[in-house]
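Chain by chain, the residues run as shown.
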Amino acid sequence: MEDCLAKKVEITVSEAEKRTGRNAMNMQETYTAYLIETRAVESQSEGQCAPVDSLWRRYSEFELLRNYLSVTYPHIVVPPLPEKRADFVWHKLSADNMDPDFVERRRIGLENFLLRVASHPVLCQDKICYSFLTQEGGWKEMVNETGFQLKADSRLKALNATFRVKNPDKRFTELKHYSDELQSVISHLLRVRARVADRLYGVYKVHGNYGRVFSEWSAIEKEMGDGLQSAGHHMDVYAASIDDILEEEEHYADQLKEYLFYAEALRAVCRKHELMQYDLEMAAQDLTSKKQQCEELATGTVRTFSLKGMTSKLFGQETPEQREAKLKVLEEQIQEGEEQLKSKNLEGRDFVKSAWADIERFKEQKNHDLKEALISYAVMQISMCKKGIQVWTNAKECFSKM
Amino acid sequence: QDLSLPNGTPVDTSSPASSSSLLNRLQLDDDLDAETRDLFVTVDDPKKHVCTMETYITYRVTTKTTRAEFDLPEYSVRRRYQDFDWLRNKLEESQPTHLIPPLPEKFVVKGVVDRFSEEFVETRRKALDKFLKRITDHPVLSFNEHFNVFLTAKDLNAYKKQGMALLSKMGESVKYVTGGYKLRSRPLEFAAIGEYLDTFSLKLGTIDRIAQRIIKEQLEYLVELREYGPVYSTWGALEVELSEPLEGVSACIGNCCTALEELSEDMTEDFLPVLREYILYSESMKNVLKKRDQVQAEYEAKLEAVALKKEERPKVPTDVEKCQDRVECFNADLKADMERWQNNKRQDFRQLLMGMADKNIQYYEKCLTAWESIIPLLQDKPETK
């Protein structure tokens, strides 16, 4: 793997700031801007602190960057952005985009996105990408000048549109099926996890009521009073502990969400292959029919039905000159078609080769990351259990002194 | 085999602190009764009886004793709830100046609770056992003649039919028949007890509601967890390298579900019934306080009546004297019982709350074990294929 950007430059999204401005329709809007800081890594090894470059970007600019990358590198599984709107929330979490916790998690997600792009062997070399990090003014114009929107295949947008591909690469068909299943299972997991979090919150918080009633009860007791009172305090601690626990768990949910969105990116690559294959097959079909028409004209036999053929039968045959002209046009078209088919074939094979390479890279990354995510989730659960044991052991000691 | 202290309360051997609590309890008991234990009663072995008219449960009541009041050193009889209820009524009648322990609730809403389920029968058995042990512990009630018959008679029904005409050997005979006398003011110490009982039962009621709410929330949490775990399995089936880790997480969550279920069951079966028992206890104690008020009111009324008649009788008439005796006896018995009750209450709640803490600790320990055991599975590097 060549030296990717991530090895040369330290990238952080360090701050988020609320801004107000005027949008395209000259209406006032509030949005959040994120500070991207970059610092060269090399000079740090010399013991010096390298200067930090920084610029501000908002979410829509990140979106523009990603769209550009998706269109320009259709064979790459492009890293996804953190969600646009808060989804899979459990009741205490705010679904408001301006909520500071949401903004904070988004800041982390955007940093993660940049790190992913910067450590990708292909994407990190892109100039638009580099200027996103270094050139605040005029970047948008630069992106639009590439004319990438023209390259964008509108058919790709309709990711669910079906068209019949006769001979797709089986690996891509399986992979598309996998990405569909992955999206479905992670969505389900995130939904249930949110409900689990909700319920767990309820269990912990109700225990807080013990604190109050033990305190009230201790007031009428002599020997039992102290033990009850201090146990009640531990119940309050227990009830309060759930807030931090669930906040930590949100990071796990975010890790899952990243791969939920990654599944979409994976699907897009498979779709691109299908589209290319479809175009190839259509082109081949078109060529075949043209060749057939050619043959029919030359030999005078009509094998295929054509309206032109019928009308010429009804209204009289063509002159030999007309037929000659037609043949010539067809032969030119056939030659063009064969060349096009050749290049399309080549394109298709190249695509399959480079896409599959990136897919293999992605698979390894996915397995590594998700394993790490599961480990950190287990560690969180272990910490929660240990806290629970601690609190109840403390309470038990208070009760024993009653 | 459950270990029990000589007074019958079971020992919690699950925690290392139990030996010190054992010692504590023995010392307290020695303070309570100067005499050594010479009466042991246990309730166990519930059995279902199906007859043409009804179906009911009987429990085995075993007695071991060296007391002279008993002809034999050992007895084993079978009793049903009705019989316990009869005993309690008899005790209230014949020992109105004492606090009689409560019975578990008589009526159960049919259809909502299964009267013959293992859990219900076991909960009831424990409460009945506690009931008899509390009587056994009492220096006056344990010598009650009806109690003796309850523990020993082969045919209790025949004895029941003999009715109230039986004169006891102890000397207390007729019920305290009191007219509708109104007490002007309760003496300070009994007023304090009354107030205490009011607040106490109020707080217990609140705790009961909180505990029920927690159980409800835990069960709802359990429902979600039961859906959560299997999703990891479904995902695992999609993957190759991640298949084992995901299956591991799924199984882990399953284990936590089991642990949670056990916690909720324990709280329902062991914690809530004892709370309710004490609420019933408070209620019956308040009634005894009222009876005491009645007795005092009667005495005060009769005394006033005599004072109004002035010189006719220089001596205080005997029936007024008897009233005075009654009041003083009642007050003395009640005070002694209150002290005993307070001490027992402290021990009972200490044990109850420590038990609750223990059950929660065990729940978290089970979950901890489950999650710690899958860490190596998650960190495992698969062999390169």
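Criteria and thresholds
- Residues numbered from 1 in each chain as written.
- Chains lettered and ligands numbered in written order.
- Predicted model: local features only at pLDDT ≥ 70, side-chain atom pairs only at ≥ 80, totals over all residues.
- Heavy atoms only, no water.
- UniProt positions renumbered as here; feature names shortened; annotations may be inferred.
- pLDDT = per-residue confidence, 0-100.
- Helix = DSSP H or I, 4+ residues; strand = E, 2+ residues; numbered from the N terminus.
- Phe/Tyr/Trp six-rings, centres within 6.5 Å; stacked < 30°, edge-to-face > 60°.
- Buried < 20%, exposed > 50% of the residue type's maximum accessible area, 1.4 Å probe, protein only.
- Lys NZ or Arg CZ within 6 Å of the ring centre and 35° of its normal.
- Domains from an automatic or database assignment.
- Contact = heavy atoms within 4.5 Å.
- Buried area = accessible area lost by both parts, 1.4 Å probe.
- Pairing = 2+ DSSP bridges.
- Axes fitted to C-alpha atoms, helices over the stretch in contact; angles between N-to-C directions.
- Salt bridge = Lys/Arg side-chain N within 4 Å of Asp/Glu carboxyl O.
- Polar contact = N/O pair within 3.5 Å; in protein donor to acceptor, adjacent residues only side chain to side chain.
- Expected span 1.5 Å × (residues − 1).
- Patch = residues over 30% accessible without salt bridge, like charges linked within 9 Å, V, L, I, M, F, W, Y side chains within 5 Å.
- Areas by Shrake-Rupley, 256 points an atom, 1.4 Å probe, with all protein chains shown as cover.
- Lys, Arg positive; Asp, Glu negative; His and termini not counted.
- Charge placed at Lys NZ, Arg CZ, Asp CG, Glu CD.
- Parallel < 35°, antiparallel > 145°, perpendicular 65-115°, else oblique.
- Left-handed = near helix turned anticlockwise from the far one by under 90°.

- In the nomenclature of an unreviewed UniProt entry, chain B is known as Sorting nexin-30 of Nestor notabilis.
- Looking at the Sequence similarities (unreviewed entry) heading of the UniProt record, one finds this comment for chain B: "Belongs to the sorting nexin family."

- Chain A carries the name Sorting nexin-4 in an unreviewed UniProt entry, which gives Nestor notabilis as its organism.
- Quoted verbatim from the Sequence similarities (unreviewed entry) field of the UniProt record, the comment on chain A reads "Belongs to the sorting nexin family."

1. Focus: the confidence of the model for chain A
Residues shown with low pLDDT carry predicted positions that ought not to be read at fine detail.
Next, step 1: Confidence in the prediction of chain A, expressed as mean pLDDT, is 88, and 89% of residues score 70 or more.
Next, step 2: Within chain A, the element-level pLDDT minimum falls on helix α2 (residues 42-45) of chain A, averaging 58, and the maximum on helix α9 (residues 170-218) of chain A, averaging 95.

2. Topic: the packing of aromatic side chains
Next, step 1: Per the stated rule, a full pass over the model turns up 32 aromatic pairs over all chains.
Next, step 2: Between Tyr 278 of chain B and Trp 341 of chain B, the ring centres sit 6.0 Å apart and the planes meet at 55°, which makes this aromatic pair tilted. Remark: Trp 341 of chain B occurs in helix α8 (residues 318-379) and Tyr 278 of chain B occurs in helix α7 (residues 243-309); sequence separation between them is 63 residues.
Next, step 3: Its relative accessible area of 1% is what places Tyr 278 of chain B among the buried residues.
Next, step 4: What makes Trp 341 of chain B buried here is its relative accessible area of 3%.
Next, step 5: Ring pairs connect the aromatic residues Trp 217 of chain A together with Tyr 196, Phe 200, Tyr 278, Tyr 281, Trp 341 and Phe 349 of chain B, which therefore count as one cluster.
Next, step 6: Taking the ring centre of Trp 56 of chain A as reference, the NZ or CZ of Arg 19 of chain A above it sits at 4.6 Å.
Next, step 7: The lysine or arginine in question, Arg 67 of chain B, covers the ring of Phe 143 of chain B, its NZ or CZ lying 4.0 Å from the ring centre.

3. Examining the domain arrangement of chain B
Residue and element names in this part refer to chain B.
Next, step 1: Domain assignment breaks chain B into domain 1 (36-156) and domain 2 (180-380).
Next, step 2: Opposite the 19 residues of domain 1 that make contact, domain 2 presents 19 residues.
Next, step 3: Carbon and sulfur atoms make up 55% of the area that domain 1 and domain 2 hide from each other, which totals about 1,800 Å².
Next, step 4: On the domain 1 side of the contact with domain 2, Thr 97, Leu 99 and Arg 134 bury the most area, a combined 35% of that side's loss.

4. Structural notes on the sheet that holds strand β3 (residues 74-80) of chain B
All names here are of chain B.
Next, step 1: The antiparallel open sheet is built from three strands, whose spatial order is β1-β2-β3. Looking at the sheet topology across the chains shown, the edges are occupied by β1 (39-50) and β3. Ignoring which end each strand starts from, the neighbouring axes of this sheet average 20° apart.
Next, step 2: Where β1 lies against strand β2 (residues 55-65), ten bridges are found, and the strand directions are antiparallel. Its bridge partner lying in β2, Val 43 is registered against Val 61.
Next, step 3: Sitting on the sheet, helix α2 (residues 81-94) is in contact with β1, β2 and β3, with an inclination near 105° to β3.
Next, step 4: Here helix α3 (residues 118-137) sits on the sheet and contacts β1 and β2; the angle it forms with β1, its principal contact strand, is near 150°.

5. What to know about the interface of chain A and chain B
Next, step 1: At the interface, 54 residues of chain A touch 56 residues of chain B.
Next, step 2: Around 5,400 Å² of area is buried between chain A and chain B when both sides are counted, 75% of it from carbon and sulfur atoms.
Next, step 3: Linking chain A to chain B there are eight salt bridges.
Next, step 4: One salt bridge connects Lys 396 of chain A with Asp 358 of chain B, and the closest N-O pair in it is separated by 3.0 Å.
Next, step 5: Counting across the chain A and chain B interface gives 17 residue pairs in polar contact (both at pLDDT 80 or more).

6. Comments concerning the pattern of salt bridges
Next, step 1: All chains considered together, the criterion is met by 61 salt bridges over all chains.
Next, step 2: Close ionic contact of Arg 39 of chain A with Glu 10 of chain A constitutes a salt bridge, the shortest N to O distance being 4.0 Å. You can see Arg 39 of chain A sitting in strand β2 (residues 28-40) and its partner Glu 10 of chain A sitting in strand β1 (residues 9-22), a full 29 residues away along the chain.
Next, step 3: We note a salt bridge from Arg 195 of chain A to Glu 227 of chain B, for which the minimum N-O separation is 2.8 Å. Of this pair, Arg 195 of chain A sits in helix α9 while Glu 227 of chain B sits in helix α6 (residues 188-238), placing the two residues on different chains.

7. Here we look at α9 of chain A
Helical geometry note: an α-helix holds 3.6 residues per turn, so side chains three or four residues apart project in the same direction.
Next, step 1: A rise of 1.5 Å per residue sets the reference length of α9 of chain A, with its 49 residues, at 72 Å; its end C-alpha atoms lie 72 Å apart and thus fit the reference within 8%.
Next, step 2: Residue Asp 169 of chain A occupies the N-cap position of α9 of chain A, its side-chain oxygen lying 2.9 Å from the main-chain nitrogen of Arg 171 of chain A.

8. Here we look at a negative patch on the surface
Residues and elements named next belong to chain A.
Next, step 1: Together, Glu 321, Glu 324, Glu 331, Glu 332, Glu 336 and Glu 339 make up a negatively charged patch on the protein surface.
Next, step 2: Its location among the elements puts Glu 339 in helix α12 (residues 320-400).
Next, step 3: Taking relative accessible area as the criterion, Glu 339 reaches 56% and is therefore assigned exposed.

9. What about the side chain of Arg 350 of chain B?
Next, step 1: Looking at where Arg 350 of chain B falls in the secondary structure, it is placed in helix α8.
Next, step 2: Within the structure, the side chain of Arg 350 of chain B is placed 2.7 Å from the backbone oxygen of Ser 400 of chain A, a separation counted as a polar contact.

10. With respect to unusual backbone geometry
Of all residues except glycine, most have a negative phi; of all peptide bonds, most are trans.
Next, step 1: Despite not being glycine, Asn 26 of chain A has its phi angle at roughly 60°, a positive value.
Next, step 2: At Asp 45 of chain B, a residue that is not glycine, the phi angle is positive and equals roughly 55°.
Next, step 3: If you trace the backbone, Asp 45 of chain B turns up in strand β1.
Next, step 4: By relative accessible area, Asp 45 of chain B is classed as partly exposed at 27%.

11. Focus: the pairing of β2 of chain B
Residues and elements named next belong to chain B.
Next, step 1: For β2, a buried count of eight out of eleven residues is recorded, marking the element as mostly surrounded by other parts of the structure.
Next, step 2: Hairpin connection, β1 to β2: the antiparallel pair is bridged by four residues.
Next, step 3: Two elements, β2 and β3, share seven bridges in a ladder whose sense is antiparallel. Note on β3: the bridge partner recorded for Tyr 59 is Arg 79.

12. Side note on the packing of helix α3 (residues 59-72) of chain A against helix α5 (residues 127-134) of chain A
Residue and element names in this part refer to chain A.
Next, step 1: Their axes nearest at 10 Å, the elements α3 and α5 cross at an angle of 165°. Looking at the two axes, α3 sits roughly antiparallel to α5. Two packed elements cross with a definite hand, and for α3 against α5 that hand is left-handed. Here Glu 61, Phe 62, Leu 65 and Tyr 68 of α3 come into contact with α5, specifically with Ile 128, Cys 129 and Phe 132.

13. Some remarks on the environment of Pro 46 of chain B
Residues and elements named next belong to chain B.
Next, step 1: With respect to the secondary-structure elements, Pro 46 resides in strand β1.
Next, step 2: Overall, the relative accessible area of 35% leaves Pro 46 in the partly exposed class.
Next, step 3: Taking the C-alpha atoms as reference points, Pro 46 and Glu 118, 72 residues apart in sequence, are found 9.6 Å from one another.

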